Amino acid sequence: TLVVETPEETLFSQRGANVTLPCRYRYEPALLSPRPVRIKWWKLSENGAPERDVLVAIGPRHRSFGDYRGRVRLRQDGEREASLQIRDVRLEDSGRYRCEVIDGLEDESGLVELELRGVVFPYQHPRGRYQLNFHEAQRACEEQDAVVASFEQLFRAWEEGLDWCNAGWLQDASVHYPVTLARRRCGGLGLAPGLRTYGPRHRRLHRYDVFCFSPALKGHVYYLEHPEKLTLAEAVEACQEDGARIAKVGQLFAAWKFRGLDRCDAGHPRPNCGPLAPGVRSFGFPDPQSRAYGVYCYR
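Note that this is a predicted model, so its numbers are computed, not measured.

Re the overall build of the chain
A count of helical and extended segments in the chain gives four helices and 22 strands. Dimensions of the chain along its principal axes, counting C-alpha atoms only, are 75 × 50 × 35 Å. A sequence separation of at least 24 residues applies to 61% of the contacts in the chain between residues at least 6 apart. Here the chain has roughly 16500 Å² of accessible surface; of this, 50% comes from carbon and sulfur atoms. Taken together, the 43 basic and 40 acidic charged side chains of the chain have centroids lying 3 Å from each other.

What follows is the structure in structure tokens.
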């Protein structure tokens, strides 16, 4: 009998890192002489995204597919080894993978779940609340160096204290909002804290905010020390002159969470710096011509 073993716990990695998805196989009873097997890895479909082939191998020969081409290979350092090594992990690599081992008529498989470390943040349209249909929400997150968050990512953010009264899209086109402190203006006092849900919504007709997920940073976000406040166009130019580009919202959130970025308009609680809870403070979308603000750059 062929037996395939994969880890039960979720693996965590971050963008740009290398990761190994463990998968080993054995025979019961043990075989006296090894024989060649066919190993196949693919990524399972979820939230409307199709299933994707990752790698197929027979003996030393292997072939990788699509975005995985040139980034994946099998670990070769042991007998009965079918582990998949992924180089330069990308945002879209997050998800569930199946490792299948085929020996003649026998065929066994196991699942491995890969998740990226990151931060969830709510995002609105410049015109204000509840202006985004699902497709516009996807584009809005992408423009901020992020993707639409999954239910699991929002749940983890709620466990870490995310509290937000506006409902937002998630990856499966359902709509939720996280509440840690029940209050009258946020669904009423009678409901327990948790993830409140509106259920699945129409992707084109319904409009909400969105919860985006931004992975841990590869680069560096910093507040540009500049003699005067800047318009938006001047801010873009000032970052370029400093060898950087103006930071996106997802990059600022990731810098706050993973790099300890802390300025008085974003960071640890202190007097005269907004509400007491730590976080990233938002001034919304002020007039791009106003000279009331500095600039955060990303390099």
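What to know about the environment of valine 101
Looking at where valine 101 falls in the secondary structure, it is placed in strand E10 (residues 95–103). In this structure the C-alpha to C-alpha distance between valine 101 and cysteine 23, which are 78 residues apart in sequence, comes to 9.5 Å. Setting aside its immediate chain neighbours within four residues, valine 101 contacts Leu2, Val4, Tyr25, Val37, Arg38, Ile39, Ala82, Glu106, Asp107 and Glu108.

Focus on the sheet that holds E10
One open sheet accounts for six strands, arranged E2-E11-E10-E5-E6-E7; its pairing is mixed. Edge positions in the open sheet fall to strand E2 (11–13) and strand E7 (61–64), since each of these has one partner strand only. Strand-to-strand twist across the sheet, computed as the mean angle between neighbouring axes with direction ignored, equals 20°. Sheet topology note: the strand E5 (residues 38–43)/strand E6 (residues 52–58) ladder contains six bridges and is antiparallel. By the bridge assignment, lysine 40 is partnered in E6 with valine 56.

What about the state of the cysteines?
Linking two cysteines covalently via their sulfur atoms produces the bond known as a disulfide. Considering all chains together, one arrives at four disulfides under this definition. The residue that forms a disulfide with cysteine 141 is cysteine 212, at a sulfur-sulfur distance of 2.1 Å. Taking the torsion about the sulfur-sulfur bond, which here is approximately -80°, the covalent link between cysteine 141 and cysteine 212 counts as left-handed. Taken as a pair, cysteine 141 in helix H1 (residues 134–143) and cysteine 212 in strand E17 (residues 209–215) lie far apart in primary sequence, 71 residues in all. Each member of the pair, cysteine 141 together with cysteine 212, is buried. Numbered by order of appearance in the sequence, the disulfide-linked cysteines of the chain pair as 1-2, 3-6, 4-5, 7-8.

Quick word on unusual backbone geometry
Cis rather than trans, the peptide bond between glutamate 28 and proline 29 has omega equal to -5°. Structurally, the position occupied by proline 29 is in the loop between strand E4 (24–27) and E5. With phi around 60°, arginine 80 is a residue other than glycine that occupies positive phi space. Mapped onto the secondary structure, arginine 80 falls in the loop between strand E8 (72–74) and strand E9 (84–86). The phi angle at aspartate 145 is positive, at roughly 60°, despite the residue not being glycine. Along the chain, aspartate 145 falls in the loop between H1 and strand E13 (147–148).

With respect to the domain arrangement of the chain
Many analyses report the size of an interface as the accessible area lost when the parts associate. Once the domains are mapped, the chain shows domain 1 (2–116), domain 2 (118–215) and domain 3 (221–298). Computed from C-alpha atoms alone, the centre-to-centre distance between domain 2 and domain 3 is 23 Å. Contact residues are listed per partner, giving 13 residues for domain 2 and nine residues for domain 3. Interface area, domain 2 with domain 3, both sides summed: about 980 Å², of which 66% is carbon and sulfur. Looking only at domain 2, the three residues that lose the most surface to domain 3 are Val119, Phe121 and Gln144, adding up to 38% of its buried area. The interface formed by domain 2 and domain 3 contains one salt bridge. For the salt bridge of glutamate 160 with lysine 257, the shortest nitrogen-to-oxygen distance reads 2.8 Å. Run the count over domain 2 and domain 3 and you get four residue pairs in polar contact (both at pLDDT 80 or more). For the side of domain 2 that touches domain 3, the element with the most residues is strand E12 (residues 118–123), which contributes four residues.

The rules behind each value
- Residues numbered from 1 in each chain as written.
- Predicted model: local features only at pLDDT ≥ 70, side-chain atom pairs only at ≥ 80, totals over all residues.
- Heavy atoms only, no water.
- Helix = DSSP H or I, 4+ residues; strand = E, 2+ residues; numbered from the N terminus.
- Contact = heavy atoms within 4.5 Å.
- Areas by Shrake-Rupley, 256 points an atom, 1.4 Å probe, with all protein chains shown as cover.
- Lys, Arg positive; Asp, Glu negative; His and termini not counted.
- Charge placed at Lys NZ, Arg CZ, Asp CG, Glu CD.
- Pairing = 2+ DSSP bridges.
- Axes fitted to C-alpha atoms, helices over the stretch in contact; angles between N-to-C directions.
- Disulfide = S-S within 2.5 Å.
- Buried < 20%, exposed > 50% of the residue type's maximum accessible area, 1.4 Å probe, protein only.
- Domains from an automatic or database assignment.
- Buried area = accessible area lost by both parts, 1.4 Å probe.
- Salt bridge = Lys/Arg side-chain N within 4 Å of Asp/Glu carboxyl O.
- Polar contact = N/O pair within 3.5 Å; in protein donor to acceptor, adjacent residues only side chain to side chain.

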